[in-house]
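# Summary of structural features
Given next are the chains, with one letter for each unit.
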2 protein chains.
Amino acid sequence: MESKVGSFNYHIESYLCDFRGKATLPLIGNFLLKAATLHAHERGFGYEAVVKDHTAWVLSRLTMEISDYPGFDEELTVETWIEDVTRYFTQRCLRFINQQGKTVGYARSIWAAIDTESRKPKDILSWRPDIGDFITTEIDCPIRKPGKVPEVGGEPKSGYTVRYSDIDINGHMNSIKYIEHTVDIFDLDIFKSKSIRSFEIMYLAECAFGDKLKLHLTEVVPGEFIVDTKKEGVSVCRCRIVWE
Amino acid sequence: MESKVGSFNYHIESYLCDFRGKATLPLIGNFLLKAATLHAHERGFGYEAVVKDHTAWVLSRLTMEISDYPGFDEELTVETWIEDVTRYFTQRCLRFINQQGKTVGYARSIWAAIDTESRKPKDILSWRPDIGDFITTEIDCPIRKPGKVPEVGGEPKSGYTVRYSDIDINGHMNSIKYIEHTVDIFDLDIFKSKSIRSFEIMYLAECAFGDKLKLHLTEVVPGEFIVDTKKEGVSVCRCRIVWE
């Protein structure tokens, strides 16, 4: 059997860095998806295996904590493992290690297995009980579990229309694109003195091409923001962002 | 000496594909940058080497022709080489080969070496004459050279404001982000029956955070479009796109 923990190395390309020469949060989010995809694939429950059962893995909740963003031309190691499997969700953890071998962050992600025809969640325990064989807690994931992010009312701060580049292979908005649009609500100035230390996203509804989304922003305590993305007044995803 | 042609393999991740399960044009554009970056790095004139001379490579013109887009979980081989070096530009060609070994496209790109302080182009022949040693024509690049794309007037079709995720390590708009925003002017329907067979971009001015850009669209002959991105009425980049 494959080891329970997968370990993958990624290179931070200069042309994918932000203006500070640092990896962006969406780029690390893409590494996270890449590691999750490969880890699942190597263990027989990746995209290609589950699509045969008309099933897709859908990211439901995600928390990331990053103490130190890797810079251009550096390597980032991403370790990932399954921490728990319940009837409707798998809980996948990740650890980020820089090229000096220092742990610079963690993530915890909650995934549902969605029937691609009915769009309803599948009972993972009866559909693929073997996934539970990969559960491990050999590495600690010392960050809080994804919780509930409150709604934000009032006038929107910004908005966008879902376009071709936002849509993924399942025909809905790409999980990382929500993060990219959310991060883009902030002015460049805050990135000059601070970094996003903690990021949490709660996905609430799928979006499709042409949807007109509005972003609502509030600062709950100094440095801690909530961004609520809404479609016709109803939240489609909510994020909590802590800058330090 | 390193061989003149670099060859790099990339995997098409399912979560980076479009709704058709195909690599997008911006994704292939990123592979192109990745291959160009690595090819230059291995030969001593990559980002890290030239930044010491306060210099950055800036993409000035690009043409791509793609007959068959690779699908998810497939491999794409990108070959790249320098076809010519003149006083102010290097001309880099690329060939795209699918996992069955079939050539599925070509690209030709024109790069300037910009002084990062004055933002003026450097004389490449006197600054780095050694780059000319890598010129080769051992592979044919049977696509037209980048030309002039005409201006489009009238009312804009769409627009966007340059945000954090659009800005690259040089502090200006990322070359591929222009392509992403340009492709996003099209309705999803056209992607269902056609693909972009030919794409040409002419970069005219650098954009910065907060710039409000307007996209003008015209169909010059059936299936052939020009998208002109303007800032305050002045073109910052123009693209010619042929669908088939």
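## Details of the packing of aromatic side chains
- Counted by the stated rule, this structure contains 22 aromatic pairs over all chains.
- Relative to phenylalanine 225 of chain A, the ring of phenylalanine 186 of chain A has its centre 5.1 Å away and its plane inclined at 75°; by these criteria the two rings are edge-to-face. With phenylalanine 186 of chain A in the loop between helix 4 (175–183) and helix 5 (188–193) and phenylalanine 225 of chain A in strand 9 (residues 224–231), the pair connects residues that are 39 residues apart, well separated along the chain.
- By way of ring pairs, the aromatic residues Phe19, Phe186, Phe191, Phe225 and Trp243 of chain A together with Tyr164 of chain B are connected into one cluster.

## Concerning the interface of chain A and chain B
- Taken together, the contact between chain A and chain B spans 36 residues of the former and 36 residues of the latter.
- Summing both sides of the interface, chain A and chain B together bury roughly 3,400 Å²; the carbon and sulfur share of this comes to 58%.
- For the pair chain A and chain B, the number of links is four salt bridges.
- With its nearest N and O atoms 3.8 Å apart, the salt bridge here joins lysine 34 of chain B to glutamate 13 of chain A.
- There are 16 residue pairs in polar contact (both at pLDDT 80 or more) connecting chain A and chain B.
- For the side of chain A that touches chain B, the secondary-structure elements that each account for two or more residues are helix 1 (25–42), helix 2 (47–51), helix 4 and helix 5 of chain A.
- The element contributing the most residues to the side of chain A that touches chain B is helix 1 of chain A, with four residues.

## What about the sheet that holds strand 7 (residues 196–203) of chain B?
Residue and element names in this part refer to chain B.
- Taken in spatial order, the 10 strands line up as 1-3-4-5-2-7-10-9-8-6 in an open sheet, and their pairing is antiparallel. Each of the sheet's edge strands pairs with one partner strand only, and the pair in question is strand 1 (6–11) and strand 6 (158–161). Each strand axis lies, on average, 25° off the axis of its neighbour in the sheet, ignoring direction.
- Judged from the eight bridges that link them, strand 8 (residues 212–221) and strand 9 (residues 224–231) form a sheet pairing that is antiparallel. From the neighbouring strand, leucine 215 faces strand 9, where its bridge partner is threonine 229.
- Those strands touched by helix 1 (residues 25–42) are strand 1, strand 2 (55–66), strand 3 (75–85), strand 4 (90–98), strand 5 (103–115) and strand 7, and its axis lies near 140° from that of strand 1.
- Where helix 4 (residues 175–183) meets the sheet, it contacts strand 2, strand 6, strand 7, strand 8, strand 9 and strand 10 (234–243), and its direction lies at approximately 125° from that of strand 7.

## A word on the relation of the copies chain A and chain B
- The transformation that overlays chain A on chain B combines an axial shift of 0.0 Å with a rotation of 180°, and the residual RMSD is 0.0 Å. Both chain copies can therefore be described as sitting about a two-fold axis. Relative to the rotation axis, the C-alpha of tyrosine 160 of chain A is the closest in chain A, positioned 4.3 Å from it.
- A symmetric contact is evident, with 100% of the interface residues of chain A recurring at the interface of chain B.

## Quick word on the confidence of the model for chain A
- Of the residues in chain A, 100% have a pLDDT of 70 or more, and the chain-wide mean is 96.
- The complex prediction reports pTM at 0.93, with the ipTM value standing at 0.93.

## Re helix 1 of chain B
Residues and elements named next belong to chain B.
- The end-to-end C-alpha distance of helix 1 is 26 Å, a good match for the 26 Å that 18 residues give at a rise of 1.5 Å each.
- Among the 18 residues in helix 1, 13 count as buried, and that is most of the element.
- Of the residues flanking the start of helix 1, the one acting as N-cap is threonine 24, its side-chain oxygen 3.0 Å from the backbone nitrogen of leucine 27.
- Two residues or fewer past helix 1, glycine 44 is found with a positive phi of approximately 85°.

## Description of the state of the cysteines
All names here are of chain A.
- Counted under the stated rule, the structure contains zero disulfides over all chains.
- Left without a disulfide partner, cysteine 141 is nearest to the cysteine sulfur of cysteine 93, which lies 3.7 Å away.
- With relative accessibility at 4%, the residue cysteine 141 sits in the buried group.
- Take cysteine 237: it sits in no disulfide, and the sulfur closest to it among the cysteines is that of cysteine 239, at 4.5 Å.
- When its relative accessible area of 0% is taken as the criterion, cysteine 237 is described as buried.

## A closer look at the pairing of strand 3 (residues 75–85) of chain A
Residues and elements named next belong to chain A.
- Most of strand 3 is tucked away: nine of the 11 residues are buried.
- As judged from the six bridges shared by strand 1 (residues 6–11) and strand 3, these two strands associate in the antiparallel manner. From the neighbouring strand, asparagine 9 faces strand 3, where its bridge partner is threonine 77.
- Pairing between strand 3 and strand 4 (residues 90–98): nine bridges, direction antiparallel. Residue pairing across strands places leucine 76 opposite asparagine 98, the latter belonging to strand 4.
- From the end of strand 3 to the start of strand 4, which pair antiparallel, there are four residues.

## A look at the environment of phenylalanine 134 of chain A
Residues and elements named next belong to chain A.
- In this fold, phenylalanine 134 is placed in the loop between helix 3 (124–127) and strand 6 (158–161).
- Considered as a pair, phenylalanine 134 and lysine 34 are 100 residues apart in the sequence and their alpha carbons are 18 Å apart.
- Leaving out residues up to four positions away in the same chain, phenylalanine 134 has contacts with Met1, Glu2, Lys4, Arg43, Phe45 and Ile82.

## Looking at the sheet that holds strand 6 of chain A
All names here are of chain A.
- Taken in spatial order, the 10 strands make up an open sheet running 1-3-4-5-2-7-10-9-8-6, and their pairing is antiparallel. What marks the edges here is a single partner per strand, and that holds for strand 1 and strand 6. For this sheet the average axis-to-axis angle between neighbouring strands, irrespective of direction, equals 25°.
- Where strand 7 (residues 196–203) and strand 10 (residues 234–243) come together, seven bridges link them in antiparallel fashion. Counterpart to tyrosine 203 in the pairing with strand 10 is cysteine 237.
- The sheet contacts of helix 1 involve strand 1, strand 2 (55–66), strand 3, strand 4, strand 5 (103–115) and strand 7, and relative to strand 1 the element is tilted by about 140°.
- Sheet strands in contact with helix 4 are strand 2, strand 6, strand 7, strand 8 (212–221), strand 9 and strand 10, and its direction is about 125° off that of strand 7.

Thresholds applied
- Residues numbered from 1 in each chain as written.
- Chains lettered and ligands numbered in written order.
- Predicted model: local features only at pLDDT ≥ 70, side-chain atom pairs only at ≥ 80, totals over all residues.
- Heavy atoms only, no water.
- Phe/Tyr/Trp six-rings, centres within 6.5 Å; stacked < 30°, edge-to-face > 60°.
- Helix = DSSP H or I, 4+ residues; strand = E, 2+ residues; numbered from the N terminus.
- Contact = heavy atoms within 4.5 Å.
- Buried area = accessible area lost by both parts, 1.4 Å probe.
- Salt bridge = Lys/Arg side-chain N within 4 Å of Asp/Glu carboxyl O.
- Polar contact = N/O pair within 3.5 Å; in protein donor to acceptor, adjacent residues only side chain to side chain.
- Pairing = 2+ DSSP bridges.
- Axes fitted to C-alpha atoms, helices over the stretch in contact; angles between N-to-C directions.
- Least-squares fit on C-alpha atoms with pLDDT ≥ 70 in both.
- pLDDT = per-residue confidence, 0-100.
- Expected span 1.5 Å × (residues − 1).
- Buried < 20%, exposed > 50% of the residue type's maximum accessible area, 1.4 Å probe, protein only.
- Disulfide = S-S within 2.5 Å.

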